[in-house]
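Chains, contacts and geometry: an overview
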Amino acid sequence: MLERLYLNRCAIFNVLTDKNITNRSLAEKLEIKETEWTLIDSLIKVLKPIHMTTTVLCTEKHSPISMIRPIIKKIIEKHLLHSDDEDTVIQSLKKTIVLELERRFFLDLSPTEQILPEQIASFLDPRYKDLEHEALSTREEIRSRVKEILSMSDTINLNDKTLNNLGDQQKCHSNALEYIYGTEFNDDDDLTKQFENYIAEPQLRFTLDPKEWWKTRFSKYPVIGDLAKKYLTIPATSVSSERCFSTAGNIVTRKRASLSPENVNMLVFLHQNKYLLNKI
């Protein structure tokens, strides 16, 4: 709204100064002073990154929770730092926005208190795996927590495999090499190597697709990849599910109240995935 107002500044001025269109009393009431135009321009610059962040996190394309903390941290450091030459109103606004963002997304949370799912997801996202958006002390806490989860998950998977193959020794050896080497292979060593090699991987550019990255490297890091599947499928916002409810509300109307649940489900599915038809 403010952008459109500022872009039409000349047109607004011409209308207000044209006595054939606007009378004097109304023009005085609607007049926007130069200081107010300057303030509007400053407000646009402050609110623009908030608008862009909302657009990214609420898009129809998948936006996982791994993006939340890096993006919020970036807009605070790059777009919301106030300077002394700014208007006091803008300084106050920036300060309020930063405080609210830090409170809402627990940016100032101590690593000794809790490791959030968003932090684990960021580590499992190849675009943010170096955790540059986190404090140095917090980074090591996150890595330790992920390694702990991976160890627990690997132990459970190993126990499940042992139980499933109990009584049938042939199933314990999926190929000839595994049969030859037997139990010499240490799962703990493999997990440690996977973890170290994953950390050593170069961080992916933020514009690239983490799903494609994991698709090509899942066989290299299977244990970490399984955990990434769980965390990177968590959406950053509930907007997509709310859109789905809105779609269902548009389909099931007073004149179409007799649709069976199966048909409603299929119609919602088709509507939500109609963009795929263009790719066929």
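These notes cover the structure that comes with them.

Definitions and cut-offs
Residues numbered from 1 in each chain as written. Predicted model: local features only at pLDDT ≥ 70, side-chain atom pairs only at ≥ 80, totals over all residues. Heavy atoms only, no water. Helix = DSSP H or I, 4+ residues; strand = E, 2+ residues; numbered from the N terminus. Buried < 20%, exposed > 50% of the residue type's maximum accessible area, 1.4 Å probe, protein only. Contact = heavy atoms within 4.5 Å. Axes fitted to C-alpha atoms, helices over the stretch in contact; angles between N-to-C directions. Parallel < 35°, antiparallel > 145°, perpendicular 65-115°, else oblique. Left-handed = near helix turned anticlockwise from the far one by under 90°. Nonpolar A, V, L, I, M, F, W, Y, C, P; charged D, E, K, R; others polar. Polar contact = N/O pair within 3.5 Å; in protein donor to acceptor, adjacent residues only side chain to side chain. Core = buried A, V, L, I, M, F, W, Y, C linked by side-chain atoms within 4.5 Å. Patch = residues over 30% accessible without salt bridge, like charges linked within 9 Å, V, L, I, M, F, W, Y side chains within 5 Å. Areas by Shrake-Rupley, 256 points an atom, 1.4 Å probe, with all protein chains shown as cover. Salt bridge = Lys/Arg side-chain N within 4 Å of Asp/Glu carboxyl O. Phe/Tyr/Trp six-rings, centres within 6.5 Å; stacked < 30°, edge-to-face > 60°.

**As for the side chain of Gln 194**
- With respect to the helices and strands, Gln 194 occurs in helix 10 (residues 187-200).
- With a relative accessible area of 4%, Gln 194 lands in the buried category.
- The contact partners of Gln 194, leaving out residues within four places of it in the chain, are Lys 220, Tyr 221, Pro 222, Val 223 and Ile 224.

**Some points on the packing of helix 4 (residues 34-57) against helix 5 (residues 68-79)**
- It is the contact of helix 4 with helix 5, at a shortest axis distance of 11 Å, that shows an interaxial angle of 165 degrees. When the axes of helix 4 and helix 5 are compared, the pair comes out roughly antiparallel. The two elements helix 4 and helix 5 cross, and the hand of that crossing is right-handed. Facing Pro 49, Ile 50, Thr 53, Val 56 and Leu 57 of helix 4, the residues of helix 5 in contact are Ile 71, Ile 72, Ile 75 and His 79.
- Its residues placed into classes, the contact of helix 4 with helix 5 shows seven nonpolar, two polar and no charged.

**Brief notes about the packing of helix 5 against helix 6 (residues 88-104)**
- Where helix 5 meets helix 6, the closest approach of the two axes is 11 Å, and the angle between their N-to-C directions is 160 degrees. Looking at the two axes, helix 5 sits roughly antiparallel to helix 6. For the pair helix 5 and helix 6, the crossing hand works out as left-handed. Two secondary-structure elements touch here, helix 5 through Ile 72, Ile 75, Ile 76 and His 79 and helix 6 through Lys 94, Val 98, Leu 101 and Glu 102.
- In the contact of helix 5 with helix 6, the residues fall into five nonpolar, one polar and two charged.

**Some remarks on the side chain of Lys 94**
- Locating Lys 94 in the fold gives a position in helix 6.
- One polar contact links the side chain of Lys 94 to the main-chain carbonyl oxygen of Leu 81, over a distance of 3.3 Å.
- Apart from the residues lying within four places of it in its own chain, the contact partners of Lys 94 are Val 46, His 79, Leu 80, Leu 81, His 82 and Glu 86.

**Quick look at the nonpolar core**
- Core analysis: the biggest nonpolar cluster contains 41 residues, and Leu 124 and Val 146 have the highest contact counts within it.
- Ignoring sequence-local partners within four residues, the contact set of Leu 124 consists of Val 146, Tyr 198, Trp 214, Ile 224, Leu 227, Ala 228, Tyr 231 and Leu 232.

**Topic: unusual backbone geometry**
- The backbone of Phe 106 sits at a positive phi, close to 55 degrees, despite the residue not being glycine.
- The residue Phe 106 is located in the loop between helix 6 and helix 7 (117-124) in this model.
- The residue Leu 131 is not glycine, and still its phi comes out positive at about 55 degrees.
- Mapped onto the secondary structure, Leu 131 falls in the loop between helix 7 and helix 8 (136-165).

**Details of helix 7**
- In terms of burial, helix 7 is largely enclosed, as six of its eight residues are buried.
- Turning to helix 7, its buried residues number three or more, namely Gln 119, Ile 120, Ala 121, Ser 122, Phe 123 and Leu 124.

**A word on a nonpolar patch on the surface**
- A surface patch of nonpolar side chains, amounting to about 310 Å² of accessible area, comprises Met 266, Phe 269 and Leu 270.
- Note on placement: Met 266 falls in helix 14 (residues 261-272).

**Some details on the packing of aromatic side chains**
- Under the defined criterion, the tally for this structure stands at nine aromatic pairs.
- Ring centres of Trp 213 and Tyr 221 lie 6.5 Å apart, and the angle between their planes is 5 degrees; on these two criteria the pair is classed as stacked. For the pair shown, Trp 213 and Tyr 221 are each scored as buried.
- Plain terms: the ring middles of Trp 214 and Tyr 221 are 6.4 Å apart, the flat faces sit at 80 degrees to each other, and that makes the pair edge-to-face.
- Tyr 221 sits in the buried class, given a relative accessible area of 0%.
- The structure contains a cluster of three or more aromatic residues connected by ring pairs, namely Phe 123, Phe 195, Tyr 198, Trp 213, Trp 214 and Tyr 221.

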